[in-house]
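Listed below are the residues making up each chain.
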Amino acid sequence: MLTVTLKVNGETRTAVVPPETTLLRMLRDQLNLTGSKLGCDVGDCGACTVIVDGKVVNSCLMLAGQAEGRDVQTIEGLATMDRVHPIQRAFEDCASLQCGFCGPGVIMSAKALLDEIPNPTIPQIRDALGGNLCRCTGYVKMIEAILIAATAMRGESAQASR
Amino acid sequence: MKKRGRGMACMWYPIGFTVAANPSSAVVKLDEDGTATLLTGTVETGQGSLTILAQIVAQELGISTDDVNVVSADTDATPMDTGAIASRTTYVTGNAARLAAEKVKLMLFDVVAPLLNVKPNQLEAKDHRIVVKGFPQRNMHIGDAANHARTVTGEPPIGSASFNPATVALDPETGQGKPFGTYVYATQIAEVEVDDETGDVEVLRIVASHDCGTPINPMLVEGQVEGGISMGVGFALQEEILFNANGVQINPNLTNYIMPTSLDMPEVEVDIVDNYDPSGPFGAKGVGEPTLVPTAACILNAIYNAVGVRITSLPATAEKVFNAIQAKRNAEPKQITA
Amino acid sequence: MDKDKNPKVAEKVSPVETVLKEPGILHEPVAAPLVTYPIEVVIPKARQQTPAVGQRATRLDGRLHGLGQTGYIDDMTFPGMLYAKIRRAGVASARIKSIDTSEAEAMPGVMAVLTGKDVPNNSFGPSIKDQPVLAYERVFHAGDGIVAVAAVTEQIAAEACQKVKIEFEVLTPVLDPLESLKLETPGVHAPSANIYQKKFIKKGDVEKGFAMSDHIIEGHFTTQMVEHVPMEPHATIAMWDANGRLTVYSTLGRITLGRADLASTLGIPISRVRIVATIVGGNFGGKNEITTEPVLALLSKKTGRPVKSVFTRPDEFIASTTRHPLIMDYKTGVTKDGRIQARKLRLVLDGGAYCSWSETTLSKACILSAGPYNIENLYAEAYVVYTNKTMTGAMRGFGAPQVCFAYESHMDDIATLLNMDPLDIRLINAFHEGSISPTGQKLQSVVVKESLLRAAERFGWNPKGSTAGAGKILPKEITSGTTVRA
């Protein structure tokens, strides 16, 4: 058994897992963070997307042991007790999610994009979502929502830096 | 060289099951604060049906969407429903929900009429109130009406109803009959760009004009059209389950079964055709499946328009398009300049 | 946003480095991490408006979806829950000679094993009951489930499945639907014929119609097998209570039917079965009939514990229904001004290993096959045949996307032949209010032409703006003594 200690959504967590456990399974089964989804388990669909040390990762392709000591952010870490994240708000307002299963993965990819490129173009957005499969929506309202969220987030950081 | 082309396709599609009975039932109960609960056996599979049903019930009772709590998909607690299939939920379950809500409304009219000194058929439900038609100053908040019904009249406002589209069985030899209650119609037009050196087809833009009767929620109709188009693009150009000579699938995974990503989607413009079907709830019909029906056809017609090759088997992969272009070139008489 | 880029500011618990230096802390039980979200609810305006119909109201599940809080079945656990995996045939057609589960049963952590003989009524199906819960004597497609194993972890269940020994007598599979159509081909489900359903539509007199036509044109079209690919795989949890009542959480889209099927395959009264469907992560037609539900119910009964099973992504492809491939032949007679006089067509549907929703698909495809056009003389015949490929069933459109591809490609071929604009030829022939459908139904609230004109306007479709290059290959045309060639 392997003991893994890592930071998840800002909190330090520890779990004891068989060594072949993926980061995805550790998040879902050990840490009860079921927001990241299992869609294919081999890195094709992106439903398991999380952010590790600032980079977008298919958590089904990362072993839990590889996440030792790292900073992992999942969908559960975006909202606070005061507000949902602007991306989550925009997705809700635009009806960007239908069945919702790909949602957490898409939102994490969007967040990683907006953290790096606060003012993305549509081709850049399409590129950022290229690893997230969605069967319900056709991605159209997701792209709309990300543009709206980007504007909202630029407004927020402009306020914060005053 | 990249060549552009455009192609169109129109279609018709039925709502509900072919001839066979496919009923849905619903229960609506109204509470003393004027909010309601809808019990439905349908299953939300992503298309937004629970929101639509809430809007239908809300419309009938004159309250808002947020006032309706939808409880679904539990055989112990919700009444039977034939299921989320055949684009039937808005039409069939929607009709059942509306009829159930109407029963509640008529119960309240019976209770309120004597309190407002009018006959029940002089009342209507709007803006959270039971109102006298033509004399809105005389009204009662719907919650108060419900409370009165429960605590004074002794009849809690609850209604249940079911609906099944009227059909006529098809003759086994001639197929004549009335298999469906209603149909929807649509046209999609695609603009594509074909690279005649690789056969690669890029769908640039699709304009979709869809009839769904009254759109209960236009935002959700758009979502369905956009999603259907993405499935249509995959059907036209990418997706295929391949078998080996022994009948075993070769590509049962998402690595080798290609389906559209955000990079494959064209620009989509959705237009909803003005229409009203009197047999549907507030004129609504449905839209779930029709959205992908014409997509492959309009894309393939656009490929023909762009490079003059008629691909007759789906998917129109780059290899197929390239081979067809080559075959066409080889069939053309060669020109020899003098 | 600053919080995310500068983690030290947000930390309330010791940094990772401190924890690593103090091994004692590592032995604390894992507490569930804090998940935050605002409880106060901002109700979007559109949801508060009356009247409600026509509002762009946001979905109630939209907020939960975005927060990752929607509870799908795989997110649910119950105390003592076991995991089940199914061993699938891997051969398209075979007789099962023997099944040896002894090694699997002996594995530590394996709690129960199930084969077809343990199922009280081992067949079901929405119309023809030809589908087994677990294949016992015969395999009809490579995805047929044969043995189910319930174990304390998914991994042990999967390994145990591999340890099951199955002896097959491999038979020659029938894979080509046109071969299957021939009477001399051995029946996939012998003694039943391979053609398991046919549909005919006959209106007017097609030969007379062809005789009245200036041109006759043919087309041959085929479509492929595709999968629904819902992002959420099929998932089910089954458990019993002490009153002998079964509760099943399932991704089924039709719970009333599912309950009836469960009651019949298990041989118990319907009132003892409860099915709860949570919000499903995509259906598209593939989750409309039972799959593992009876298996899990029986495993749960054997072990006395809740049992969960989630399809792997490969399972989704091989063990759930797919879209019918179609082979379509069209022949249409038109006058030189573009009016369709007669249409004759044949559809052959590849019905896969089991009937599933093939009857409905066949009917719909046949009824819709002539397109939304006024055609007085029509003959349509449609057949669905068994093959030893993955079972084909309900998929968004039930045959409509396939026939639309055929009739609309064919329509453009006709337009090319007559040197007409694709929009014009459709406007000439399309249904209008009160048109009679191929089955003799008077249509109401018809808006085909409106949708054509609106789409064309928005797209910017200028009639003479065709950009097809010179020297197009004209579609195949047939000669007959009475037709006039272009």
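Residues numbered from 1 in each chain as written. Chains lettered and ligands numbered in written order. Predicted model: local features only at pLDDT ≥ 70, side-chain atom pairs only at ≥ 80, totals over all residues.

### Some words on the overall build of chain B
Tallying secondary structure elements over chain B gives six helices and eleven strands in all. For 338 residues, the compact-globule estimate of 2.2 N^0.38 gives 20 Å, and chain B exceeds it by more than 25% at 26 Å. Here chain B, with 338 residues, has 62% of them falling under the buried criterion. Excluding contacts between residues fewer than 6 apart, the proportion of contacts in chain B whose partners are at least 24 apart in sequence is 74%. (Helix = DSSP H or I, 4+ residues; strand = E, 2+ residues; numbered from the N terminus. Rg over C-alpha atoms; globule rule 2.2 N^0.38 Å. Buried ≥ 20, exposed ≤ 12 C-beta atoms within 10 Å, placed from the backbone. Contact = placed C-beta atoms within 7 Å.)

### Some words on the overall build of chain C
The secondary structure content of chain C amounts to 15 helices and 15 strands. Here chain C holds 486 residues, and the buried ones make up 56% of them. By sequence separation, contacts in chain C at least 24 residues apart represent 78% of the contacts at least 6 residues apart.

### Examining the packing of helix α9 (residues 255-266) of chain C against helix α10 (residues 293-303) of chain C
Residues and elements named next belong to chain C. Taken N-terminus to C-terminus, the directions of α9 and α10 make an angle of 50 degrees; their axes are 10 Å apart at the nearest point. Here α9 is positioned oblique relative to α10, judged by the angle of their axes. Handedness of the crossing formed by α9 with α10: right-handed. Of the residues in α10, those in contact with G258, L262, T265 and L266 of α9 are E293, P294 and A297. (Axes fitted to C-alpha atoms, helices over the stretch in contact; angles between N-to-C directions. Parallel < 35°, antiparallel > 145°, perpendicular 65-115°, else oblique. Left-handed = near helix turned anticlockwise from the far one by under 90°.)

### Examining the domain arrangement of chain C
All names here are of chain C. As far as domains go, chain C holds domain 1 (82-170), domain 2 (177-226 + 322-459) and domain 3 (235-316). For domain 1 versus domain 3, the distance between C-alpha centres works out to 17 Å. Listed as interface residues are 17 residues of domain 1 and, on the opposing side, 19 residues of domain 3. For the side of domain 1 that touches domain 3, the secondary structure elements donating two or more residues are β1 (82-88), β3 (110-115) and β5 (145-151). It is β1 that contributes the most residues to the side of domain 1 that touches domain 3, four residues altogether. (Domains from an automatic or database assignment.)

### With respect to the sheet that holds strand β3 (residues 49-52) of chain A
Strand pairs in the sheet, formed through backbone hydrogen bonds, run parallel or antiparallel to each other. Residue and element names in this part refer to chain A. The strand order across the open sheet formed by five strands is β2-β1-β5-β3-β4, and the pairing between neighbours is mixed. What marks the edges here is a single partner per strand, and that holds for β2 (11-17) and β4 (55-58). Along the sheet, successive strands turn relative to each other by an average axial angle of 40 degrees, direction set aside. Bridge count between strand β1 (residues 2-8) and strand β5 (residues 71-73): two bridges; the pairing is parallel. Along β5, the bridge assignment pairs K7 with D71. Sitting on the sheet, helix α3 (residues 103-116) touches β3 and β4, and the angle it makes with β3 is about 35 degrees. (Pairing = 2+ DSSP bridges.)

### A few points about the interface of chain B and chain C
The interface is formed by 111 residues belonging to chain B together with 108 residues belonging to chain C. Across the side of chain B that touches chain C, the residue classes break down as 50 nonpolar, 40 polar and 21 charged. (Nonpolar A, V, L, I, M, F, W, Y, C, P; charged D, E, K, R; others polar.)

### A few points about the sheet that holds strand β10 (residues 246-250) of chain C
All names here are of chain C. If you trace the seven strands from one edge of the open sheet to the other, you get β3-β5-β1-β12-β9-β10-β11, paired in mixed fashion. Two strands lie at the open edges of the sheet, namely β3 and β11 (273-276), each paired on one side alone. Ignoring which end each strand starts from, the neighbouring axes of this sheet average 20 degrees apart. Strands in contact with α9 are β10 and β11; relative to β11, the strand with the most contacts, it is inclined by about 145 degrees.

### Some remarks on the pairing of strand β11 (residues 267-272) of chain B
Residues and elements named next belong to chain B. Of the two faces of β11, the one lined by V268, V270 and I272 is fully buried and the one lined by E267, E269 and D271 carries no buried residue. In this structure, strand β10 (residues 201-210) lies alongside β11, joined through six bridges in parallel fashion. Of the residues in β11, the one forming a bridge with V207 is E269.

### Focus on the environment of E155 of chain B
Residues and elements named next belong to chain B. By the element assignment, E155 lies in the loop between α3 (142-153) and β8 (158-163). Here the alpha-carbon distance between E155 and H128, two residues 27 residues apart in the chain, equals 20 Å. Apart from the residues within four sequence positions on either side, E155 is in contact with M107 and A149.

### Looking at the pairing of β11 of chain C
Where β10 of chain C lies against β11 of chain C, four bridges are found, and the strand directions are parallel. Among the inter-strand pairings, T247 of chain C is bridged to a residue of β11 of chain C, identified as R274 of chain C.

### Quick word on the interface of chain A and chain C
The interface of chain A with chain C comprises 55 residues on the first partner and 42 residues on the second. If you list the elements that add at least two residues to the side of chain A that touches chain C, you get β1, β2, β5, α2 (86-93), α3 and α5 (140-160) of chain A. In terms of residue class, the side of chain A that touches chain C is made up of 25 nonpolar, 18 polar and twelve charged.

### Details of helix α1 (residues 49-61) of chain B
Residue and element names in this part refer to chain B. Here α1 spans 18 Å end to end across 13 residues, near enough to the 18 Å set by a 1.5 Å rise per residue. Of all 13 residues in α1, 13 are buried; the element is thus mostly enclosed. Once α1 ends, the next one or two residues include G62, with phi positive near 75 degrees. (Expected span 1.5 Å × (residues − 1).)

### Regarding unusual backbone geometry
Note that the residue after L314 of chain B, namely P315 of chain B, is joined by a cis bond; omega there is -5 degrees. Secondary-structure assignment places P315 of chain B in the loop between α5 (295-307) and α6 (318-331). With an omega of 10 degrees, the peptide bond running from A190 of chain C to P191 of chain C counts as cis. Note that P191 of chain C resides in the loop between α7 (177-181) and β7 (195-203). Of note in this structure, Y139 of chain A is not a glycine but carries a positive phi near 70 degrees. Relative to the helices and strands, Y139 of chain A is located in the loop between α4 (122-128) and α5. What makes Y139 of chain A buried here is the crowd of 29 C-beta atoms within 10 Å. At S356 of chain C, a residue that is not glycine, the phi angle is positive and equals roughly 45 degrees. Structurally, S356 of chain C can be placed in the loop between β14 (340-350) and α12 (358-368). Given 27 C-beta atoms within 10 Å, S356 of chain C falls into the buried group.

### Digging into the nonpolar core
Counting 308 residues, the largest nonpolar core has V28, L38, V57, I299 and I303 of chain B together with A84 and V149 of chain C as the members making the most contacts within it. Among the elements that make up this core, the one with the highest residue count is helix α2 (residues 89-116) of chain B (twelve residues). If we ignore the near neighbours within four places in the chain, the residues touching I303 of chain B are G5, V192, V194, V201, V309, I311, A316 and V321 of chain B. (Core = buried A, V, L, I, M, F, W, Y, C linked by C-beta atoms within 7 Å.)

### A word on the domain arrangement of chain B
Residue and element names in this part refer to chain B. Segmenting chain B into domains produces domain 1 (2-14 + 180-331) and domain 2 (17-163). Its C-alpha centre places domain 1 at a distance of 38 Å from the equivalent point of domain 2. Each partner contributes to the interface: domain 1 provides 17 residues, whereas domain 2 provides 15 residues. In terms of residues, the side of domain 1 that touches domain 2 owes the most to one element, helix α4 (residues 218-237), which gives three residues. Classifying every residue of the side of domain 1 that touches domain 2 by side-chain character gives eight nonpolar, seven polar and two charged.

### Quick notes on α6 of chain B
All names here are of chain B. Taking 1.5 Å per residue, 14 residues should reach 20 Å; α6 reaches 20 Å between its end C-alpha atoms and fits that length. Residues V321, A324 and I325 constitute the buried set of α6. Within α6, the buried residues cover an arc of 100 degrees as seen down the axis, which keeps them to one side. Exposed residues on α6 whose side chains face more than 90 degrees from its buried face are E319, A327 and N330. Lining the buried residues of α6 we find β9 (182-195), β10 and α5. (Arc of directions from axis to C-beta.)

### Some thoughts on the confidence of the model for chain C
Parts of the prediction with low pLDDT should not have their coordinates interpreted in detail. Residues and elements named next belong to chain C. Confidence in the prediction for chain C averages 89 pLDDT; 88% of positions are at 70 or higher. Confidence drops under pLDDT 50 across residues 1-14; counting only partners more than four residues distant or on other chains, this segment forms 16 contacts. Per the prediction output, this complex has pTM 0.93; the corresponding ipTM is 0.95. (pLDDT = per-residue confidence, 0-100.)

### Describing the environment of T51 of chain B
Mapped onto the secondary structure, T51 of chain B falls in helix α1. Look at T51 of chain B and you get buried, because 26 C-beta atoms sit within 10 Å. A sequence separation of 15 residues divides T51 of chain B from D66 of chain B, and the C-alpha atoms of the two residues are 9.2 Å apart. Among all residues touching T51 of chain B, those that are not within four sequence positions of it are N217 and L220 of chain B together with A57, R59 and L60 of chain C.

### Focus on the packing of α2 of chain A against helix α4 (residues 60-67) of chain C
The interhelical angle for the contact between α2 of chain A and α4 of chain C, taken along N-to-C directions, is 150 degrees, at an axis separation of 9 Å. The orientation of α2 of chain A with respect to α4 of chain C, classified from their angle, is roughly antiparallel. Relative to α4 of chain C, the crossing made by α2 of chain A is right-handed. Taking contact as the criterion, the partners of Q88, F91 and E92 of chain A in α2 of chain A are, on α4 of chain C, G62, R63, G66 and L67 of chain C. Split into classes, the residues belonging to the contact of α2 of chain A with α4 of chain C amount to two nonpolar, three polar and two charged.

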